[in-house]
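# Chain and residue survey
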Amino acid sequence: QTTFDVARVRADFPALHQRIYDGRPLVYLDNAATTQKPQVVIERIRDFYMRENANIHRGVHYLSQLASDAYDEARRLVADFIGAPDPSQVIFTRGTTESINLVAATYGRRHVGEGDEIVLSAMEHHSNIVPWQLLCEEKGARLRVVPVDERGVLDLEALERSLTERTRLVAIAHVSNALGTVNPVREIIRMAHARGIPVLVDGAQAIQHLEVNVAELDCDFYCFSGHKMYGPTGIGILYGKAELLEAMPPYQGGGDMIERVTFERTTFNRLPYKFEAGTPHIAGAIGLGAAVAYLNGLGRAAVAHYEDELLRYATERLQDVPGLRLIGTAPHKVSVLSFVIDGVHPYDAGTLLDQMGIAVRTGHHCAQPLMDRLGLPGTIRASLALYNTREEIDALVEALHRVVRMLR
Ligand code: PMP
């Protein structure tokens with residue numbers, strides 16, 4: 001295991017070295033929303049547009065070949081990164097949201113009927129709720145929601161009880177964006193598979209923190225976004241088991257996803273192209289490939305170890321702030337520190353922190369049902385990335401002391 005030199009890592013991220021407002025050093029703690037990008041990703045995208053830009057797969061010419069090769073290479077990098085048996089099981093989408101919508105619109109439409117059920121957890125992000133809700137409305141199916149306890153831990157026994165002969169799919173976050181809880185997805189998948197039920201994992205908050213191997217997990221679908229793992233916005237991944245993807249109808253119709261078109265009938269291209277209609281986000285995919293290579297270079301175990309220590313340090317330090325209550329105290333967590341402070345509205349705290357140069361997120365974090373369950377209108381959320389430091393945590397804690405003095 002390589003040692004992790006955070007000062008060197010920070011030097012890779014130009015956005016972190018800015019001063020904002022009246023010269024305050026930026027403390028960026030909104031990484032669950034999106035991460036900053038290392039220079040290698042920025043440069044890779046720039047290079048693509050400078051030297052390789054062309055459309056892919058259609059051109060016989062030199063630049064088209066370069067672009068196609070780079071796009072294919074990015075897919076291979078992602079496939080290796082997540083342990084996908086074959087790159088054709090890795091589909092480029094716009095992000096987690098589109099990946100989930102793709103599965104709902106294709107697999108869901110085909111397999112979910114009246115009276116059927118889709119099992120979710122109470123800690124899902126809206127993008128792993130609403131697509132299923134829309135599908136259920138269309139089909140006369142319904143959602144079954146597995147509860148979480150006060151700590152933000154999923155009730156596994158309730159999950160097991162909610163799996164019935166009507167269950168068509170379990171859709172579950174690997175990591176909660178609002179609490180940081182790591183869900184025992186491997187166990188959940190085993191439970192569901194024992195009853196022949198497929199599982200979709202929303203990995204948007206897991207892929208940048210944990211070593212994910214989709215083959216070992218044996219998940220049926222795994223979704224994530226490039227922009228939360230140091231890659232560009234507008235690009236994401238849907239991984240699926242080959243036999244499921246093969247059997248699914250296409251998502252969108254258009255160029256590149258066909259084998260042969262006549263006005264009578266169209267046959268579809270093989271995987272992954274069947275699900276990639278139209279010109280994709282070529283530069284985005286290549287940028288994501290660069291982010292994967294960057295993470296591989298740092299060593300995922302070293303990153304996880306560093307982040308774990310930092311989370312532990314931050315969790316301890318935050319207890320010093322008068323009236324602060326951590327929301328989400330699951331034994332297995334990554335990255336996220338969600339909290340409320342007695343007598344302080346989260347939005348006011350966020351605004352004051354911002355003036356002190358500290359970026360956090362406040363509100364419901366696109367998880368309103370979870371906030372309802374916890375009886376909170378929202379929280380203040382600091383979310384850590386591999387480039388954050390103990391000094392930044394100290395700055396946050398100090399700033400929170402000031403916030404408390406000012407607002408109470
Ligand atoms: N699921 C989870 C757990 C998330 O945290 C997010 C992003 N906040 C999403 C899904 C949606 O991701 P995107 O907006 O990149 O599509």
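Per chain, the residues get numbers from 1 upward, laid out in the order the sequence is written. Totals for whole chains, interfaces and linings use all residues, but because this is a predicted model, local features are given only for residues with pLDDT of at least 70 and pairs of side-chain atoms are given and counted only at 80 or more. To obtain the side-chain values, all non-hydrogen atoms of the structure were used and water was disregarded.

### Side note on the packing of helix α4 (residues 96–111) against helix α5 (residues 130–139)
Inclusion rule: Fitting a line to C-alpha atoms yields each axis, with helices limited to the stretch in contact; the angle taken between N-to-C directions then spans 0 to 180 degrees. The secondary structure listing takes helices from DSSP runs of H or I that are at least 4 residues long and strands from runs of E that are at least 2 residues long, numbered from the N terminus. Note that the term roughly parallel is reserved for angles under 35 degrees, roughly antiparallel for angles over 145, roughly perpendicular for angles of 65 to 115, and oblique for everything else. Left-handed is the label given to a crossing in which the near helix is rotated counterclockwise from the far helix by less than a right angle, and right-handed is the label when the rotation is clockwise. Contacts between residues were defined by any pair of non-hydrogen atoms, one from each residue, lying within 4.5 Å. Throughout, the ten residues Ala, Val, Leu, Ile, Met, Phe, Trp, Tyr, Cys and Pro are labelled nonpolar, Asp, Glu, Lys and Arg are labelled charged, and all others, Gly among them, are labelled polar.
The interhelical angle for the contact between α4 and α5, taken along N-to-C directions, is 25°, at an axis separation of 9 Å. If you check the angle between α4 and α5, you find them roughly parallel. Crossing geometry of α4 relative to α5 is assigned as right-handed. Residues Ile100, Asn101, Val103, Ala104, Gly108 and Arg109 of α4 lie in contact with α5, whose contacting residues are Pro131, Trp132, Leu135, Glu138 and Lys139. In terms of residue class, the contact of α4 with α5 is made up of six nonpolar, two polar and three charged.

### Describing the packing of aromatic side chains
As a reminder of what qualifies: Aromatic rings from Phe, Tyr and Trp, taking only the six-membered ring of Trp, are treated as a pair when their centres fall within 6.5 Å; an angle between ring planes under 30 degrees marks them as stacked, one over 60 as edge-to-face, and anything in between as tilted. Here's how the labels work: a residue is buried when its accessible area is under 20% of the maximum for its type, exposed when over 50%, partly exposed in between, all with a 1.4 Å probe on protein chains only. Here, over-ring charges are defined by two tests on the NZ atom of lysine or the CZ atom of arginine: distance to the ring centre within 6 Å, and angle to the ring normal within 35 degrees.
A complete count under the given rule lists nine aromatic pairs for this structure. Ring plane angle 70° and centroid distance 5.9 Å describe the contact between Phe13 and Tyr230, whose orientation is recorded as edge-to-face. Taken together, the residues span a long stretch of sequence, with Phe13 in the loop between α1 (6–11) and β1 (19–20) and Tyr230 in the loop between β9 (221–225) and β10 (236–240) at a distance of 217 residues. Assessed through its relative accessible area of 0%, Phe13 is described here as buried. A relative accessible area of 0% means that Tyr230 is categorised as buried. These aromatic residues form a ring-pair network of at least three members: Phe13, Tyr230, Tyr294 and Tyr387. Across the ring face of Phe81, the terminal group of Arg300 is positioned such that the distance to the ring centre comes to 3.7 Å. Directly above the ring of Tyr313 sits Arg390, whose terminal nitrogen or CZ lies 4.3 Å from the centroid.

### A short note on helix α7 (residues 185–194)
How we decide: As used here, the arc belongs to the directions running from the helix axis to the C-beta atoms.
Taken together, the buried positions of α7 are Val185, Ile188, Ile189, Met191 and Ala192. On an axial view of α7, the arc spanned by its buried residues comes to 160°, and they lie on one face. For α7, the exposed residues lying more than 90 degrees away from the buried face are Arg190 and Ala194. For α7, the elements touching its buried residues are α6 (156–162), β7 (167–173), β8 (199–202) and α8 (214–217). Backbone geometry just after α7 places Gly196 at a positive phi near 75°.

### With respect to the UniProt feature "domain: Aminotransferase class V" (unreviewed entry) in the protein chain
Using the following cut-off: UniProt positions are given in the numbering used here, feature names are shortened, and annotations may be inferred rather than shown by experiment.
Taken from the UniProt record, the annotation "domain: Aminotransferase class V" (unreviewed entry) applies to residues 27–396. Between the first and last C-alpha atoms of residues 27–396 the distance is 8 Å; the span itself is 40% helix and 17% strand.

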